[in-house]
Amino acid sequence: MVKAGSVLAVALALMSAASVGPHAPTAYVAHLWGREQVPTVVTKAWGVATFEVAGDGASIRYRLEVSRLVNVQMAHIHVAPPGQNGPVVVWLYPAAPPPQLRPGRLDGELASGVITVAQLAGPLSRQPLSALLERMRVGEAYVNVHTVAHPAGEIRGQILPR
């Protein structure tokens with residue numbers, strides 16, 4: 001006799017695999033602006049984050065470029081729909097806590113690297129990478145860059161399939 005828990009585990013695994021299966025997006029982008037912050041921040045700074053999912057779904061290569069940002073402290077991926085703030089699930093800059101001041105004006109690459117299940121934090125810690133990918137696929141993840149002038153975030157952009 002098959003236990004109900006085993007059936008549920010198999011069903012969840014199949015649903016998770018389907019969300020990162022052959023028809024799932026493999027490239028994502030976030031365009032970051034102060035007007036996307038909650039609440040809105042008036043700034044001339046902006047940025048772009050790109051994400052490429054590995055063929056096996058086990059990693060995500062990313063690059064975060066910014067312009068006109070001054071005194072950056074940290075950058076993350078958070079989970080929440082547009083217009084809402086949510087918890088940090090991946091550190092992008094620095095790669096892990098604590099925050100690290102990058103003094104002066106920055107125009108160029110802030111961070112790049114590879115996200116694996118080991119980097120997942122907060123509500124996604126101990127979850128498969130497919131949990132983050134699903135949030136990205138449905139537009140419920142965003143990139144936020146925090147500065148000394150705006151510690152809650154100066155620029156933000158939802159991550160969307162490209």
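Definitions and limits used
Residues numbered from 1 in each chain as written. Predicted model: local features only at pLDDT ≥ 70, side-chain atom pairs only at ≥ 80, totals over all residues. Heavy atoms only, no water. Salt bridge = Lys/Arg side-chain N within 4 Å of Asp/Glu carboxyl O. Helix = DSSP H or I, 4+ residues; strand = E, 2+ residues; numbered from the N terminus. Buried < 20%, exposed > 50% of the residue type's maximum accessible area, 1.4 Å probe, protein only. Core = buried A, V, L, I, M, F, W, Y, C linked by side-chain atoms within 4.5 Å. Contact = heavy atoms within 4.5 Å. Phe/Tyr/Trp six-rings, centres within 6.5 Å; stacked < 30°, edge-to-face > 60°. Lys NZ or Arg CZ within 6 Å of the ring centre and 35° of its normal.

Draft legend 1. Main features of the pattern of salt bridges. If you walk through the whole model with that rule in mind, you get six salt bridges. Here glutamate 109 and arginine 63 are joined by a salt bridge, their closest N and O atoms 2.8 Å apart. Taken as a pair, glutamate 109 in strand 5 (residues 102–115) and arginine 63 in strand 3 (residues 60–79) lie far apart in primary sequence, 46 residues in all. Classification of arginine 63 as partly exposed rests on a relative accessible area of 37%. The shortest N-O distance in the salt bridge between arginine 137 and glutamate 134 comes to 2.7 Å. Linking arginine 137 with glutamate 134, this pair stays in helix 2 (residues 129–137), spanning three residues, or about one helical turn. Through salt bridges with shared partners, a single network forms among Arg63, Glu65 and Glu109.

Draft legend 2. Geometry of the nonpolar core. Counting residues in each nonpolar core, the largest one holds 36 residues, and the members touching the most others are Phe51, Ile77 and Leu132. Considering each element in turn, this core owes the most residues, nine residues, to strand 3. Apart from residues no more than four positions distant in its own chain, phenylalanine 51 is found in contact with Thr26, Ala27, Tyr28, Ile60, Arg61, Tyr62, Ile77, Ile115, Met136, Val143, Ile159 and Arg162.

Draft legend 3. Broad picture of the packing of aromatic side chains. Under the defined criterion, the tally for this structure stands at one aromatic pair. Sitting over the ring of tryptophan 33, arginine 35 keeps its end group 4.7 Å from the ring centre. The residue whose ring lies beneath arginine 156 is tyrosine 142, and the NZ or CZ to ring-centre distance is 3.4 Å.

Draft legend 4. Here's a closer look at helix 2. Those residues of helix 2 not exposed but buried are Leu129, Ser130, Ala131, Leu132, Leu133 and Met136. Backbone geometry just after helix 2 places glycine 139 at a positive phi near 75°.

Draft legend 5. Geometry of unusual backbone geometry. Between tyrosine 93 and the following residue, proline 94, the backbone shows a cis peptide bond with an omega angle of -20°. Within the secondary structure, proline 94 sits in the loop between strand 4 (88–93) and strand 5. With an omega of 5°, the peptide bond between proline 97 and proline 98 qualifies as cis. Relative to the helices and strands, proline 98 resides in the loop between strand 4 and strand 5.

Draft legend 6. Representation of the environment of alanine 75 within the structure. Relative to the assigned elements, alanine 75 resides in strand 3. For alanine 75, a relative accessible area of 0% corresponds to the buried category. When the C-alpha positions of alanine 75 and tryptophan 91 are compared, they lie 6.4 Å apart, and in sequence the two are 16 residues distant. The residues touching alanine 75, leaving out its near neighbours within four places in the chain, are Leu64, Trp91, Leu92, Tyr93, Leu110, Asn144, Val145 and His146.

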